[in-house]
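Coordinate inspection notes
Each chain is listed here by its residues.
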Amino acid sequence: MALLLNRDTGESITRFVSLLEKQGVIRTIHNTLDGQHYIQRIGAPTISYELKLYVTEDGKRLLSQAEDTASLLEARVKTGIYFGRITNLSDFKRLTSGYYEVTATLSKVTEV
């Protein structure tokens, strides 16, 4: 069963969660005089989680509150349990039956 949980308050935000893991790499590309490319990777890759959520009015309030306080969130999906803090929250799109669709990006937290 999917679930998005605020670990700081213990409140359940929604059970409609879809998660996609993303990787960001910092790199510079230099062109040499003979037309070759030299690629330099800087640091370790950053991992983030892209969540697609469906929330009620209460979930909307809890999600906005979690973004404001930088709360630790726990996303439970079929592939595992992921922890992170909100770095980006899209606008809420109103749907039928009192639900909202929203996309949130979580930065990966390794130590819980």
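Structure: above.
Keep in mind that this is a model prediction, so the values were computed, not measured. Each chain has its residues counted from 1, following the order in which its sequence is written. Reporting of local features is limited, given that this is a predicted model, to residues whose pLDDT is at least 70; pairs of side-chain atoms are given and counted only at 80 or more, and all residues count toward the totals for whole chains, interfaces and linings. Side-chain numbers come from the whole structure's heavy atoms, not from hydrogens or water.

As for unusual backbone geometry
Counted only if it meets this: Secondary structure elements follow DSSP: runs of H or I no shorter than four residues count as helices, runs of E no shorter than two count as strands, and numbering proceeds from the N terminus. Accessibility here uses a 1.4 Å probe with only protein chains present; expressed as a share of the type maximum, an area under 20% marks a residue as buried, one over 50% as exposed, and anything in between as partly exposed.
Residues other than glycine seldom take positive phi values, yet Ala70 does so here, at roughly 55°. Checked against the element boundaries, Ala70 lands in the loop between α1 (57-69) and β5 (73-77). For Ala70, a relative accessible area of 38% corresponds to the partly exposed category. Here the phi dihedral of Ser97 falls at roughly 60°; this positive angle occurs in a residue that is not glycine. Residue class for Ser97 comes out exposed when judged on its relative accessible area of 66%.

Focus: the pattern of salt bridges
Under the convention used in this document: Each salt bridge in this description consists of a side-chain nitrogen of Lys or Arg and a carboxyl oxygen of Asp or Glu lying within 4 Å of one another.
Counted under the stated rule, the structure contains three salt bridges. Here Glu101 makes a salt bridge to Lys52, at a shortest N to O gap of 3.2 Å. One end of the pair, Glu101, is in strand β8 (residues 100-108); the other, Lys52, is in strand β4 (residues 37-55), with 49 residues separating them in the sequence. Two residues, Glu74 and Arg76, come together in a salt bridge whose shortest N-O distance is 2.4 Å.

Here we look at the nonpolar core
Put simply, the rule is: The set of buried Ala, Val, Leu, Ile, Met, Phe, Trp, Tyr and Cys residues whose side-chain atoms join them within 4.5 Å is what this entry labels a nonpolar core. Contacts were defined at the residue level, with two residues in contact if any of their heavy atoms lie within 4.5 Å.
Counting residues in each nonpolar core, the largest one holds 21 residues, and the members touching the most others are Leu4, Leu53 and Leu63. Listed by contribution, the elements that provide at least two residues to this core are β4, α1, β5, β6 (80-89) and β8. Excluding residues within four positions of it along the chain, Leu53 makes contact with Leu4, Thr14, Phe16, Val17, Leu63, Tyr100, Glu101, Val102 and Ala104.

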